[in-house]
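As a plain string of letters, each chain reads:
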Amino acid sequence: MTRASVAVGPDLLALDREAQDLLFRAARTANTFTDEPVTDAQVAAIHDLVRYGPTALNGQPLRVLLVRSAPARARLLPHVSAGNRAKTAAAPLVAVLAADVDFHHRLPELFPHRPEAKDWLADRAERVAQARFNATLQAGYFLLGVRAAGLAAGPMAGFDAAGVQGEFFPDGRHQVLLLVNIGRPGPDAWHDRLPRLAAGEVIRTL
């Protein structure tokens, strides 16, 4: 078993350098935003791109709630940690990312060559685990989609998930995973870039 020790370079990727930087190298988690609005059309364009990311059984359990209005924001903020509250109040748009734990009802439509797949997930505990895992994958795609739109994303786990869930999804069908502030980065939007692990520290070959 050996660790990978190959040279890397942007010329080995299909995306041009500008696109690589937009999605990864120059993209940052924003902590401040301008007041430029994020439109419904922009969010629809983001979804139209990221919906092609793979999920098991093509189940697509991610659901996105856009918290845009002042009354909706007032309902959300008490459940956000103190360190995240001000930037969440100021962000042009906040997305609540959740997993639909009854996603299996759509499988006859989304996985039509195996219509019986719905019955494979009759057990709720197994279904919840599948929903959360695959919606988390989709959350990663969503963040890249926000970056692809030229916007900055500020994903946050610092909130009371049970509180947000009770406030916005009281029927229990949706389990909240992540909050994401979205907008154009404002002044002093981010801290210095933190270190990243090199390929040789992450990749091994058998």
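Residues numbered from 1 in each chain as written. Predicted model: local features only at pLDDT ≥ 70, side-chain atom pairs only at ≥ 80, totals over all residues. Heavy atoms only, no water.

K.L.:
Can you explain the packing of helix α2 (residues 40-50) against helix α7 (residues 124-148)? Please cite residues and give values.
P.N.:
The N-to-C vectors of α2 and α7 enclose an angle of 125 degrees; their axes lie 9 Å apart at closest approach. Taken together, the axes of α2 and α7 lie oblique to each other. Regarding α2 and α7, the two cross each other, and that crossing is right-handed. Here Ile46, Leu49 and Val50 of α2 lie close against α7, whose contacting residues are Tyr141, Phe142, Gly145, Val146 and Ala148. Taken together, the residues that form the contact of α2 with α7 break down as 7 nonpolar, 1 polar and no charged. (Axes fitted to C-alpha atoms, helices over the stretch in contact; angles between N-to-C directions. Helix = DSSP H or I, 4+ residues; strand = E, 2+ residues; numbered from the N terminus. Parallel < 35°, antiparallel > 145°, perpendicular 65-115°, else oblique. Left-handed = near helix turned anticlockwise from the far one by under 90°. Contact = heavy atoms within 4.5 Å. Nonpolar A, V, L, I, M, F, W, Y, C, P; charged D, E, K, R; others polar.)

K.L.:
With reference to specific residues and values, describe the sheet that holds strand β4 (residues 152-156).
P.N.:
Working definition: the strands of a sheet are paired by backbone hydrogen bonds and lie parallel or antiparallel to each other. The 4 strands are arranged β2-β3-β5-β4 in an open sheet whose pairing can be described as antiparallel. Pairing within the sheet leaves two strands with one partner each, and these edge strands are β2 (62-67) and β4. Recorded for the sheet is a direction-independent mean angle of 30 degrees between the axes of neighbouring strands. Of the pairings in the sheet, the one linking β4 to strand β5 (residues 174-183) comprises 5 bridges and is antiparallel in character. Its bridge partner lying in β5, Met156 is registered against Leu179. Of the strands in this sheet, β3 (93-100), β4 and β5 are in contact with helix α4 (residues 82-90), which crosses β4 at around 145 degrees. (Pairing = 2+ DSSP bridges.)

K.L.:
Which residues make up the layout of surface pockets, and what values go with them?
P.N.:
Put simply, the largest pocket is a space of about 340 Å³. If you trace the largest pocket, you find 15 residues lining it, with His47, Gln60, Leu62, Arg63 and Gln138 closest to the centre. Those elements that provide at least two residues to the lining of the largest pocket are α2, β2 and α7. By residue number, the principal contributor to the lining of the largest pocket is α2, which donates 4 residues. Residue composition of the lining of the largest pocket, by class: 8 nonpolar, 4 polar and 3 charged. As a volume, the second largest pocket reaches approximately 200 Å³. Around the second largest pocket sit Ala27, Arg28, Thr29, Asn31, Arg147, Trp190, His191, Asp192, Arg193, Leu194 and Arg196, which together line it. (1 Å grid on protein atoms, 1.4 Å probe; cavity = no way out; pocket = protein on both sides within 12 Å on 5 of 7 lines; lining within 4 Å. Points joined across faces, edges and corners; volume = space filled by probe spheres on them.)

K.L.:
Break down the pairing of β3 for me, with residues and values.
P.N.:
Burial within β3 is extensive, with 8 of its 8 residues counted as buried. In β3, alternate side chains face the same way, and those of Leu93, Ala95, Leu97 and Ala99 on one face and Val94, Val96, Ala98 and Asp100 on the other are all buried. Bridge count for β2 against β3 is 6 bridges, and the pairing is antiparallel. Bridging from a neighbouring strand, Val67 pairs with Val94 of β3. In this structure, β3 lies alongside β5, joined through 8 bridges in antiparallel fashion. Within β5, the residue paired with Val96 across the bridge is Leu179. (Buried < 20%, exposed > 50% of the residue type's maximum accessible area, 1.4 Å probe, protein only.)

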